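# Descriptive structure summary
For reference, the chains in residue letters:
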Amino acid sequence: MVPKVFVTRRLPEPAMERLRAADVALDIWPEAGPPPYEVLLQRAAGVHGLLTLLTDRVDAPLLDAIGPQLRVISQMAVGVDNIDLDACTARGIPVGHTPGVLSDAVADLTIGLMIATARRFFEAAADMRAGRWGAWSPMGWVGPDLYGSTVGIVGLGRIGMAVARRLQGFGVTLLYHNRHRRPEAEATLAARYVSLPELLETSDFVSLHCPYTPETHHLIDAQALARMKPTAILINTARGGVVDQDALVDALRTGQIRAAGLDVFTPEPLPPDHPLLQLPNVTALPHIGSASIATRIRMAQMAVDNLLAGLEGRPLPHCANPHVGAS
Ligand code: DGY
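Residues numbered from 1 in each chain as written. Predicted model: local features only at pLDDT ≥ 70, side-chain atom pairs only at ≥ 80, totals over all residues. Heavy atoms only, no water.

### Regarding the packing of aromatic side chains
Here is the rule: Put simply, two rings from Phe, Tyr or Trp (the six-membered ring, in Trp's case) pair if the centres are within 6.5 Å, and we call them stacked under 30 degrees between planes, edge-to-face over 60, tilted for the rest. A run of H or I in DSSP becomes a helix once it reaches four residues, and a run of E becomes a strand once it reaches two; helices and strands are each numbered from the N terminus. Relative accessibility decides the category of a residue: with a 1.4 Å probe and only protein chains considered, values under 20% of the type maximum give buried, values over 50% give exposed, and everything between is partly exposed.
Taken as a whole and assessed by the stated rule, the structure comprises one aromatic pair. A centroid spacing of 5.4 Å and a plane angle of 70 degrees characterise the contact between Tyr176 and Tyr193, whose relative ring orientation is edge-to-face. With Tyr176 in strand β7 (residues 173-177) and Tyr193 in strand β8 (residues 191-193), this residue pair connects regions lying 17 residues apart in the sequence. Relative accessible area serves as the criterion here: at 26%, Tyr193 is assigned to the partly exposed category.

### Considering the domain arrangement of the protein chain
Stated formally: Each domain's extent is set by a domain assignment, obtained either automatically or from a database. Contacts were defined at the residue level, with two residues in contact if any of their heavy atoms lie within 4.5 Å. Once two parts are brought into contact, the accessible area they lose, counted with a 1.4 Å probe and summed over both, makes up the buried area. Think of a salt bridge as a Lys or Arg side-chain nitrogen and an Asp or Glu carboxyl oxygen that are within 4 Å of each other.
We note that the domain assignment places domain 1 (4-100 + 293-311) and domain 2 (103-284) within the protein chain. With centres defined by C-alpha atoms, the gap from domain 1 to domain 2 works out at 32 Å. Counting residues at the interface gives six residues for domain 1 and five residues for domain 2. Between domain 1 and domain 2 the total buried area reaches about 530 Å² when both faces are included, carbon and sulfur atoms providing 50% of it. The interface formed by domain 1 and domain 2 contains one salt bridge.

### Concerning the site of the ligand
Our working definition: When at least one non-hydrogen atom of a residue lies within 4 Å of a molecule or strand, that residue is treated as near it. Definition of a polar contact: a pair of N or O atoms within 3.5 Å, with one able to donate and the other able to accept a hydrogen when the atoms are protein atoms, and with sequence-neighbouring residues admitted only if both atoms are side-chain atoms. Per-residue accessibility takes into account occlusion by the displayed protein chains alone, with areas from the Shrake-Rupley method and a 1.4 Å probe. Under the scheme applied, nonpolar residues are Ala, Val, Leu, Ile, Met, Phe, Trp, Tyr, Cys and Pro; charged residues are Asp, Glu, Lys and Arg; polar residues are all the others, including Gly.
Lining the immediate environment of the ligand, one finds Leu54, Ala77, Val78, Gly79, Leu102, Arg239, His287, Ser290 and Met299. Within the side chain of Ser290, one N or O atom sits 2.6 Å away from an oxygen atom of the ligand. In isolation the ligand has 230 Å² of accessible area, and contact with the protein removes 92% of it. Across the shell around the ligand, the residue classes tally to five nonpolar, three polar and one charged.

Below you can see the structure in the form of C-alpha cells.
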C-alpha cells in the first residue's frame, strides 16, 4: 500500500520535486499560511508521514486523530518546540528535524542584528526616508561598537558556536553560558565560561542561542533584565518564549537596557500594534534567521530525507527523539 503523506506547506521546489517523484500519496496544504489546527486534525487523519513547519502544533490529540499507522513526523526546522516530543516518543514515532544546515545563516543574521541594533540602522533609515536627515552632526544616530565589546552567548550549541567564530573578527571578549562547558570553544575561541548572572552583568551584548524548553521558558525575565547593564543590548534569534516579552518592553521603555535586536517573538506573527514595535530602540525582524535561499532549500531537502527514511522504516538521518528508534 502506498503510504499517505500530508505536507503542511509548499516547500522549495527541489524538495517538492523529490516528494512528487516519491512513491507516496501526497497531499500538500496549498495556502500561504499554515492549516488551522482543526483542519490539520482532519487532513492528517490516516497519514503515514507528516511533514510540518514550526507553525504547526503537533500534540497528543493530533497524534490520536492521525492514528496508529503514523510512521514519522518530519519538521523543516531545527527547533521542535511546537511538537510534543514526549507524546511522539510514547507512541514510538520518530521526529525528524534539520540541525546544522541553518547554523551559518542564523549566525550571519545574528551578527547583522547586533550591528543594526547598536548602530541604529532602521531608526536612521526611517528618519532619512521621512525627511529628518538634517546636517551631519557629531552625535547624530550614534551607538556603541560591537568591535572591542564584551559579548555573552547564552547557549553554545551549533548556532552559538557559529556566532562565536564570526565574532573572532571583531576583537570581542567572549563569554558564554551553557548547560555543559565547551572546552574546545574555550581553547580555540578564547570563550570564557561564566554563570548566567555574571554573563548578564558584564556583557555589552547578550545573544540568546539556547533551545526553547520548559527550563528556558522566560530565562530572560524581569530579574535577568535588571542584572544587565543600562548600556547593554539583547539579541534574540532563538525563540520568543526564552524572553519574558512584557518585562522586556518595560526594560526598554525605562532604559534599564539600551536596546534589543529580535528575530523571534511571542506570538508569531507579532501584531503590528504590539508595544515592542512602537519602541525606537527595538530592531525587529519577522523570524528570518534561516531565510537564505540555499539554507531553506537544504532544510527542505533534509526534511524530505527524514520523511522518506521514516516511511521506509530506516533510522532518520536527523532525529530529535533518537531513543525512539525508527521502527
Ligand atoms: C528553526 O529551524 O528552528 C528556525 O527557527 C527556523 O529556521
